[in-house]
Structures are given as structure tokens and as C-alpha cells.
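Residue strings, one per chain:
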Amino acid sequence: MALTGASDPSAEAEASGEKPFLLRALQIALVVSLYWVTSISMVFLNKYLLDSPSLQLDTPIFVTFYQCLVTTLLCKGLSALATCCPGAVDFPSLRLDLRVARSVLPLSVVFIGMITFNNLCLKYVGVAFYNVGRSLTTVFNVLLSYLLLKQTTSFYALLTCGIIIGGFWLGVDQEGAEGTLSWLGTVFGVLASLCVSLNAIYTKKVLPAVDGSIWRLTFYNNANACILFLPLLLLLGELQALRDFAQLGSAHFWGMMTLGGLFGFAIGYVTGLQIKFTSPLTHNVSGTAKACAQTVLAVLYYEETKSFLWWTSNMMVLGGSSAYTWVRGWEMKKTPEEPSPKEGEKSAMGV
């Protein structure tokens, strides 16, 4: 049970050389399916926890806090298991170092914004619109890479960003025309996209503080988040709302909450696994296809009827994202690759 998120290229090449093509293809299909099932299930489960009429629980910060707590405990538990049974579990040793926690703290603030705004967006918008609502991540990547890293972007990549922005605005317009638009949810979606981009940039800067281990970073980010969420729970009155919650003693409620935390932890693992068995480029394509499938499933599950222009906005967003991935891959093949920190790990904390 390897949970390190990284692989030995020489060993992987040797293993792939020994495996028949059909076995290799079956492995890739299973890994991609596992990523799809985990990611889509997590979105639908979080929607249930955040905005279910049967639960009537209005504590989005507490839901996010609990998921961070589950991830922290899982990381610590797997670390202890790896120490006791080194042959059974491959997981880095974890020890809470206050000096490292302080080094990671600025990133943890961005991380909190990312997961909180993601959940708040999902609370106020439908699952079908969720991908469009958070579709500006690529645009913010380009913008922040120029402002913070002074990296320029090609004309063709900028053109794909224009398609994404057009799809976003058309989606917002169509949601408004159908009377289902939540401006609050849309704003949260834009803020979530911004935080996802900032998280990707600052993760590269902070990784050396945790010896380049994405799992150590996951542990410190979630541990810091658990502490920083406590004053927010008090200030926003969510602890009082939780005390008044009718199903507080329900085993079903806590089971679903814990399952949400397990999915939150698992998405990091299956993302790294998909990159390991395919490539970062293929992972992005798979993510785009998964978003399309998730949108169709949401429309069918919630029995919604959408206009042609609404579907067009989704295709523009997904098509623009796919085109950007293709353009960047094409440009990287044309120019010599520069050393980059752990390409296979960089998306392992995606939401």
C-alpha cells in the first residue's frame, strides 16, 4: 500500500517493460476509474452535507473543519502504522514540528481559503453548475504566473483562456435566465479558483520545508487548518448551531461526515496515483472528462432541464480547459524542460 505519491522512474520503467500491454491498460483503466468515482462521490456527498433539506445543517465551516481533522488523524495513523509495519504500509514518518508548522502557515491560510470557498460554492450552487462556477482556475494560473513569477504565456494559451472566460460568463447568464443563479455561490467559486492557483504556486515554495513530501505537507496543512478554524467556528456561531442540530447524536450523520473526510483524504492519493500511472497531461485530460461526466450525472440525478446555451457554456469551459492543456503540452515538447519540483506530486492536494 504505497502512499508516498512518488515513484522511482527506473523501477517503474522496468516494471512497465515486464507487464503485458493488456495488463498495463487494465491498470490505467482501474486507476482512472478510481479517480473518477472518488472525485464525483466526494462532490455529491459534500453537497448532501452542506445543503441537504433532510439534514438542514447550516455549518459549512464545521463540515470543512471536520474533514481536515479526519485527514490529519489519517495521516498520523498511517505514519504510526508504517513505523510499526514498514513492509505493509509505505508512508513518511510524521512528527509535529512547530518550526515547520510556522513555515507552512502562510500556505495553510491559502489552503483554508481554497477548501472553504470550494465548499461554500458547492453549498450555494447546484452540482451541475459547480464546474463552471470554479472554472477560472486556469485563467488565474496564467495571471498569477505573470504577476508573481514573471512568466509569460503564448498567444494560443491566452486564446484558450478567453474561451474559458466566455464559457464562464455564458454559464452565469444562463443560470440567471433559468432563475437558479446564486451570485454568492458564484463569487465563492471565483475566490476558490483564485485560492487553487495561489495554492499551486506557494506549494512549490513550501515543499522544501517538508523535505519535498506531499504527505507531510498535507499533514501540516490540515493540522494548521484545524487550529485556525476554531476561532471561525466561534465567531460565526456554528458551534451554537451545531448544539441545536436535531441529528447531532445520529450515527448516520457522523458516518456521512467521516466518509466525507475519508474521500477528502483519498482524493489526494488517487490523484497522485493517476499521475503516476499516466502523466500530468493525461491527468488534466481525465479531470476535464470527469467534470463533463459529473455535470451530466448531476442534471440527471436532480432531474434538471437545461437550455442549449447552458450546455454550450459547459462545452466552452471544458473545451477551453482541454485546449489549454494540449497547448501547454505542445509547447513543453518544443522547448527543453526546466527542472520542476516533483511534477507527479503537484496536484495531489487537488479538491
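Here the structure is a predicted model, which means the values were calculated and not measured.

(A) Layout of the overall build of the protein. The secondary structure content of the protein amounts to 13 helices and zero strands. Listing every helix and strand of the protein by position from the N terminus yields α-α-α-α-α-α-α-α-α-α-α-α-α. Since a compact globule built from 351 residues should have a radius of gyration of about 20 Å, the 20 Å found for the protein is in line with a globular shape. Projecting the C-alpha coordinates of the protein onto the three principal axes gives extents of approximately 55 × 50 × 45 Å. A burial count over the protein gives 46% of its 351 residues as buried. The long-range share in the protein, meaning contacts at least 24 apart out of those at least 6 apart in sequence, stands at 84%. As displayed, the protein offers around 17,200 Å² of accessible surface, 68% of which is attributable to carbon and sulfur atoms. Mean positive and mean negative side-chain charge positions of the protein (22 and 21 charges, respectively) differ by 6 Å.

(B) Representation of the state of the cysteines within the structure. In the structure shown here, the tally under the stated rule is zero disulfides. With no disulfide partner, Cys292 has as its closest neighbouring cysteine sulfur the one in Cys121, 18 Å distant. Given a relative accessible area of 28%, Cys292 falls into the partly exposed group.

(C) Up close: the pattern of salt bridges. For the coordinates displayed, the defined rule picks out eight salt bridges. Across the pair Lys123 and Asp58 runs a salt bridge, and its minimum N-O distance is 3.1 Å. Placement of Lys123 in helix H4 (residues 98–124) and of Asp58 in the loop between helix H2 (21–51) and helix H3 (60–84) is noted, with a sequence separation of 65 residues between them. Note on Lys123: relative accessible area 10%, which makes it buried. Of the residues examined, Asp58 reaches a relative accessible area of 52% and is grouped as exposed. The salt bridge involving Glu178 is made with Lys306; its shortest N-O contact spans 3.4 Å. Here Lys306 lies in the loop between helix H12 (280–301) and helix H13 (308–334) and Glu178 lies in the loop between helix H7 (155–177) and helix H8 (183–206), a separation of 128 residues in the sequence. The network of salt bridges with shared partners includes Glu175, Glu178, Glu304 and Lys306.

(D) Looking closely at the nonpolar core. Ranked by size, the top nonpolar core spans 58 residues in total, and within it Leu57, Phe62, Cys68, Phe229 and Met257 carry the most contacts. Looking at this core element by element, the count peaks at eight residues for H2. Sequence-distant contacts of Met257, defined by excluding residues within four places in its chain, comprise Leu49, Phe62, Val63 and Tyr66. Residues Cys75, Ala82, Val100 and Leu217 belong to the second largest nonpolar core, which totals 19 residues.

(E) Expanded view of the side chain of Thr203. Relative to the helices and strands, Thr203 resides in helix H8. By relative accessible area, which is 5% here, Thr203 ends up buried. Among the polar contacts listed, one links the side chain of Thr203 to the backbone oxygen of Asn199, at a separation of 2.5 Å.

(F) Looking closely at the UniProt feature "domain: Sugar phosphate transporter" (unreviewed entry) in the protein. This chain's UniProt record puts "domain: Sugar phosphate transporter" (unreviewed entry) on residues 27–321. For residues 27–321, helix accounts for 80% and strand for 0%, while the C-alpha atoms at its two ends are 26 Å apart.

(G) View of the packing of aromatic side chains. Inspection of the entire model under this criterion finds 18 aromatic pairs. For the ring pair Phe155 and Tyr156, a centre distance of 5.7 Å and an interplane angle of 65° mean the geometry is edge-to-face. Residue class for Phe155 comes out exposed when judged on its relative accessible area of 59%. A connected cluster of aromatic rings, assembled from ring pairs, spans Phe62, Phe65, Tyr66, Phe245, Phe253 and Trp254. Its end group placed over the ring of Tyr130, Arg134 keeps NZ or CZ at 4.2 Å from the ring centre.

(H) Up close: the UniProt feature "transmembrane region" (unreviewed entry) in the protein. Mapped onto the present numbering, the UniProt feature "transmembrane region" (unreviewed entry) falls on residues 21–44, 64–88, 100–117, 129–148, 155–171, 183–202, 214–233 and 253–273. Helix and strand shares over residues 21–44 are 100% and 0% respectively, and the end C-alpha atoms of the span are 35 Å apart. Across residues 214–233, the secondary structure splits into 100% helix and 0% strand, with the terminal C-alpha atoms separated by 28 Å.

(I) View of the packing of H2 against H3. At their nearest, the axes of H2 and H3 sit 9 Å apart, and the two run at 135° to each other. Relative to H3, the element H2 is oriented oblique. Note that H2 runs across H3; the crossing there is right-handed. Within the contact between the two elements, H2 uses Asn46, Leu49 and Leu50 and H3 uses Pro60, Val63 and Gln67.

Cut-off values and rules
- Residues numbered from 1 in each chain as written.
- Predicted model: local features only at pLDDT ≥ 70, side-chain atom pairs only at ≥ 80, totals over all residues.
- Heavy atoms only, no water.
- Helix = DSSP H or I, 4+ residues; strand = E, 2+ residues; numbered from the N terminus.
- Rg over C-alpha atoms; globule rule 2.2 N^0.38 Å.
- Buried < 20%, exposed > 50% of the residue type's maximum accessible area, 1.4 Å probe, protein only.
- Contact = heavy atoms within 4.5 Å.
- Areas by Shrake-Rupley, 256 points an atom, 1.4 Å probe, with all protein chains shown as cover.
- Lys, Arg positive; Asp, Glu negative; His and termini not counted.
- Charge placed at Lys NZ, Arg CZ, Asp CG, Glu CD.
- Disulfide = S-S within 2.5 Å.
- Salt bridge = Lys/Arg side-chain N within 4 Å of Asp/Glu carboxyl O.
- Core = buried A, V, L, I, M, F, W, Y, C linked by side-chain atoms within 4.5 Å.
- Polar contact = N/O pair within 3.5 Å; in protein donor to acceptor, adjacent residues only side chain to side chain.
- UniProt positions renumbered as here; feature names shortened; annotations may be inferred.
- Phe/Tyr/Trp six-rings, centres within 6.5 Å; stacked < 30°, edge-to-face > 60°.
- Lys NZ or Arg CZ within 6 Å of the ring centre and 35° of its normal.
- Axes fitted to C-alpha atoms, helices over the stretch in contact; angles between N-to-C directions.
- Parallel < 35°, antiparallel > 145°, perpendicular 65-115°, else oblique.
- Left-handed = near helix turned anticlockwise from the far one by under 90°.

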